[in-house]
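Now for the letters of each chain:
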Amino acid sequence: MKKSLLLLVSILVLSSCIQERLKWVAIGDSITYLNEHLEESGNRITKGYMTRVVEKMPRIHYVNSGYNGWTSGGIADKIETLNLEKADLYSVFLGTNDWWQGRPIGTLEDYNNNTGSRTLFGAYRIILDKLKALNKSAKIILITPMQRGDFVYLADMKNNAYGSYKEKNGQTLEQFAAAIQAIGNAENLEVIDLYHASGMTLDNMVRFKRLKDSGTGEYKDYSYPDYIDIPFNPETDRYPYPPESIDMTYDGLHPSDRGYDVIAAMILAALQK
């Protein structure tokens, strides 16, 4: 009986040790970065998607490798200086800044031929090669950008951008999502398609955008798509997204608690496969 009890205790201790060794490195932009910088959201969010995932799967310990405002090309260019750690799981959640900054998408040939960081395809090749070098048996999950409404930065209204309802530099955000899906298909990697499959759409990015009526000068609440052609002046207007406007995002771009719940749920579903 004592031997059986000791064996059971040993198995439980060994199992616990094995669980503790599961490490997740989450690579991304500000949507990832905010997990450890809630104050930069004006505390409009309570926790990011990594925290929500590990609450459900506590054997996983995450490392936040999110870089505020960065593109896939920026990460690829600095990949050897980012001190990325060897891990059991990597996620790569990029693309929205590539779209806004006008980075060319390129083609799958750029990925296959490793043509460099000038295009999204080429940058992803550099990133994924690095992750495979760190741990060739690690699970890698790619996450597409989500749709986005009109973004207005809470701390500086001059930092604003229109939503994914129109092209930037002749490219749509949906094309960037498709490129990431193509890379996942080529590499047989899990792809979480936030753009198409999350239920986060232009209609529910925010409940409304509060803007001045051009005729009366009074503030009115405009839902999508009515707000598209209403002018916004960051020098004189109020912040257009009061707390009651929050839906899937709190500022038109960055997920709210509700949005982070959706992202975390989709990651959990992928891990549970």
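Given the structure is predicted, the values throughout are model-derived calculations rather than measurements.

Reading the values: rules and limits
Residues numbered from 1 in each chain as written. Predicted model: local features only at pLDDT ≥ 70, side-chain atom pairs only at ≥ 80, totals over all residues. Heavy atoms only, no water. Phe/Tyr/Trp six-rings, centres within 6.5 Å; stacked < 30°, edge-to-face > 60°. Lys NZ or Arg CZ within 6 Å of the ring centre and 35° of its normal. Buried < 20%, exposed > 50% of the residue type's maximum accessible area, 1.4 Å probe, protein only. Helix = DSSP H or I, 4+ residues; strand = E, 2+ residues; numbered from the N terminus. Expected span 1.5 Å × (residues − 1). Arc of directions from axis to C-beta. Contact = heavy atoms within 4.5 Å. Core = buried A, V, L, I, M, F, W, Y, C linked by side-chain atoms within 4.5 Å. Pairing = 2+ DSSP bridges. Axes fitted to C-alpha atoms, helices over the stretch in contact; angles between N-to-C directions.

Engineer: Break down the packing of aromatic side chains for me, citing the residues and quoting the values.
Structural biologist: Across all of its chains, the model carries 13 aromatic pairs by this definition. An aromatic cluster of three or more residues is present, and its members are Trp99, Trp100, Tyr162, Tyr165, Tyr224 and Tyr227. The ring of tryptophan 100 carries the charged tip of lysine 168 above its face, separated from the ring centre by 3.5 Å.

Engineer: Give a description of helix 3 (residues 49-56) that names residues and reports values.
Structural biologist: Counted residue by residue, helix 3 has 6 buried out of 8 residues, so it is predominantly covered. Residues Tyr49, Met50, Thr51, Arg52, Val53 and Val54 constitute the buried set of helix 3.

Engineer: So what's going on with helix 8 (residues 173-187)? Which residues, and what values?
Structural biologist: Over its 15 residues, helix 8 runs 22 Å from end to end, which matches the ideal 21 Å to within 8%, given 1.5 Å per residue. Along helix 8, the residues that are buried comprise Leu173, Phe176, Ala177, Ala179, Ile180, Ile183 and Gly184. Buried residues along helix 8 cover an arc of 155° about the axis, so they all sit on one side. Taken together, the buried residues of helix 8 touch helix 5 (96-100), helix 6 (108-112), helix 7 (120-134), strand 4 (139-143), strand 7 (190-192) and helix 9 (194-197).

Engineer: Run through the nonpolar core, naming residues and quoting values.
Structural biologist: Membership of the largest hydrophobic core comes to 34 residues, with the highest contact counts inside it found for Tyr124, Leu128, Leu131 and Leu142. Elements with a minimum of two residues in this core: strand 1 (22-28), helix 4 (72-77), strand 3 (89-93), helix 7, strand 4 and helix 8. If one sorts the elements of this core by residue count, helix 7 sits on top with 7 residues. Sequence-distant contacts of tyrosine 124, defined by excluding residues within four places in its chain, comprise Ser72, Val92, Leu94, Tyr111, Leu142, Ile180 and Ile183. Trp24, Met200, Met248 and Tyr250 belong to the second largest nonpolar core, which has 32 residues in total.

Engineer: If you had to explain unusual backbone geometry to someone new, which residues and values would you point to?
Structural biologist: Going from tyrosine 224 to proline 225, the amide bond is cis rather than trans, its omega being 5°. In this fold, proline 225 is placed in the loop between strand 9 (219-222) and helix 10 (257-271). In this structure, asparagine 83 is a non-glycine residue whose phi angle is positive, near 55°. Positive phi values are uncommon outside glycine, yet asparagine 169 reaches one of about 55°. Considering the arrangement of structural elements, one finds asparagine 169 in the loop between strand 6 (160-161) and helix 8. Overall, the relative accessible area of 55% leaves asparagine 169 in the exposed class.

Engineer: Give me the lowdown on the pairing of strand 4, citing residues and values where you can.
Structural biologist: With 4 of its 5 residues buried, strand 4 lies for the most part within the structure. Across 5 bridges, strand 3 lies against strand 4 in parallel orientation. Bridge pairing in strand 4 places serine 91 opposite isoleucine 141. Bridging between strand 4 and strand 7 involves 3 bridges; their strand directions are parallel. Looking at strand 7, one finds that isoleucine 141 is bridged to glutamate 190.

Engineer: Go over the sheet that holds strand 3, please, and point to the residues and values.
Structural biologist: One open sheet holds the 5 strands; their spatial order is 2-1-3-4-7, and the pairing between them is parallel. Edge strands, defined here as strands with exactly one partner in the open sheet, are strand 2 (60-66) and strand 7. Neighbour-to-neighbour, the strand axes of the sheet open up by a mean angle of 20°, direction not taken into account. Taken together, the 5 bridges between strand 1 and strand 3 define a ladder with parallel strand orientation. In the sheet register, alanine 26 faces strand 3, and the bridge partner there is serine 91. Relative to strand 3, helix 7 is tilted by about 170°, and along the sheet it contacts strand 1, strand 3 and strand 4. Seen against the sheet, helix 8 touches strand 4 and strand 7 and runs at an angle of roughly 160° to strand 4.

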